[in-house]
Amino acid sequence: MSSKNNDSKIDLSKNLSTSLAVNVKTSAKLIQHSDSLAASRWNKTKIRSLRLSLGYSQAEFARRLSMETSQIDFMEQGLLVPSPLLSGDLEILMRQVESDYEENRNSKLVECKVDDRL
């Protein structure tokens, strides 16, 4: 009877370790997938374009993102891919640029209409 209990403990242990191994592999695939999504959205050109549209130097952009200047340089060279967390921060900054652009565009349209009336 004791042997049977030990066998069931071993089987349970094997099942548990197999389950953990599968979960670790699945998590790794999800992380890789997230990284590939981040990479597809934020390539070196888009990162540099965002920085320049904000009017930031690499040092200012790095400070804004709590990063090192060298990391910004590496991303702009395509040597470093932004993490999913950093990609979220870049998305927020991109929305800010788009919002500022729309606001500026709309105010210029209003100015043009006022000038046309004069």
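What you see is a predicted model, and the numbers here were worked out from it, not measured in a lab.

Criteria and thresholds
- Residues numbered from 1 in each chain as written.
- Predicted model: local features only at pLDDT ≥ 70, side-chain atom pairs only at ≥ 80, totals over all residues.
- Heavy atoms only, no water.
- Salt bridge = Lys/Arg side-chain N within 4 Å of Asp/Glu carboxyl O.
- Helix = DSSP H or I, 4+ residues; strand = E, 2+ residues; numbered from the N terminus.
- Buried < 20%, exposed > 50% of the residue type's maximum accessible area, 1.4 Å probe, protein only.
- pLDDT = per-residue confidence, 0-100.
- Contact = heavy atoms within 4.5 Å.
- Phe/Tyr/Trp six-rings, centres within 6.5 Å; stacked < 30°, edge-to-face > 60°.
- Patch = residues over 30% accessible without salt bridge, like charges linked within 9 Å, V, L, I, M, F, W, Y side chains within 5 Å.
- Areas by Shrake-Rupley, 256 points an atom, 1.4 Å probe, with all protein chains shown as cover.
- Axes fitted to C-alpha atoms, helices over the stretch in contact; angles between N-to-C directions.
- Parallel < 35°, antiparallel > 145°, perpendicular 65-115°, else oblique.
- Nonpolar A, V, L, I, M, F, W, Y, C, P; charged D, E, K, R; others polar.
- Arc of directions from axis to C-beta.
- Polar contact = N/O pair within 3.5 Å; in protein donor to acceptor, adjacent residues only side chain to side chain.

### Considerations on the pattern of salt bridges
Part 1 of the argument: In this structure the tally under the stated criterion is two salt bridges.
Part 2 of the argument: One salt bridge in this structure joins R41 and E91, with 2.7 Å as the shortest N-O distance. With R41 in helix 1 (residues 2-41) and E91 in helix 5 (residues 84-117), the pair connects residues that are 50 residues apart, well separated along the chain.
Part 3 of the argument: Two residues, R51 and E76, come together in a salt bridge whose shortest N-O distance is 2.5 Å. Residue R51 is found in helix 2 (residues 44-54), and its partner E76 is found in helix 4 (residues 69-76); the two are separated by 25 residues along the sequence. Residue R51 shares its accessibility class with E76, and that shared class is buried.

### Some words on the confidence of the model for the protein chain
Part 1 of the argument: Taken as a whole, the protein chain shows an average pLDDT of 74; of its residues, 56% reach a score of 70 or greater.
Part 2 of the argument: Of the regions scoring below 50 in pLDDT, residues 19-31 engages in zero contacts with residues more than four places distant in sequence or in other chains.

### What about the packing of aromatic side chains?
How two aromatic rings sit relative to each other is given by the distance of their centres and the angle of their planes.
Part 1 of the argument: Scanning all chains against the criterion turns up one aromatic pair.
Part 2 of the argument: On the numbers, 6.3 Å between centres and 40 degrees between planes, the contact of Y56 with F61 is tilted.
Part 3 of the argument: Take F61: its relative accessible area is 0%, and that puts it in the buried class.

### Looking at a nonpolar patch on the surface
Part 1 of the argument: A cluster of nonpolar side chains, contributed by F74, L79 and L80, occupies part of the molecular surface with about 280 Å² of accessible area.
Part 2 of the argument: Tracing the backbone shows F74 in helix 4.
Part 3 of the argument: For F74, a relative accessible area of 38% corresponds to the partly exposed category.

### Re the environment of S87
Part 1 of the argument: For S87, the location among the structural elements is in helix 5.
Part 2 of the argument: The sequence separation of S87 and I47 amounts to 40 residues, and the corresponding C-alpha distance is 9.9 Å.

### Some details on the packing of helix 2 against helix 4
Part 1 of the argument: Relative to each other, helix 2 and helix 4 sit at 130 degrees, their axes nearing to 7 Å. Between helix 2 and helix 4, the angle falls in the class oblique. On helix 4, the residues touching K44, I47, R48 and R51 of helix 2 are I72, M75 and E76.
Part 2 of the argument: Across the contact of helix 2 with helix 4, the residue classes break down as three nonpolar, no polar and four charged.

### Re unusual backbone geometry
Part 1 of the argument: In this model, S66 sits at a positive phi of 55 degrees, which is unusual for a non-glycine residue.
Part 2 of the argument: By the element assignment, S66 lies in the loop between helix 3 (58-64) and helix 4.
Part 3 of the argument: On the basis of relative accessibility, which here comes to 71%, the residue S66 falls in the exposed class.

### Regarding helix 2
Part 1 of the argument: Those residues of helix 2 lying buried are I47, L50, R51 and L54. Along helix 2, the residues classed as buried sweep out an arc of 95 degrees about the axis, all on the same side.
Part 2 of the argument: Its side-chain oxygen 3.0 Å from the backbone nitrogen of T45, N43 forms the N-cap of helix 2.

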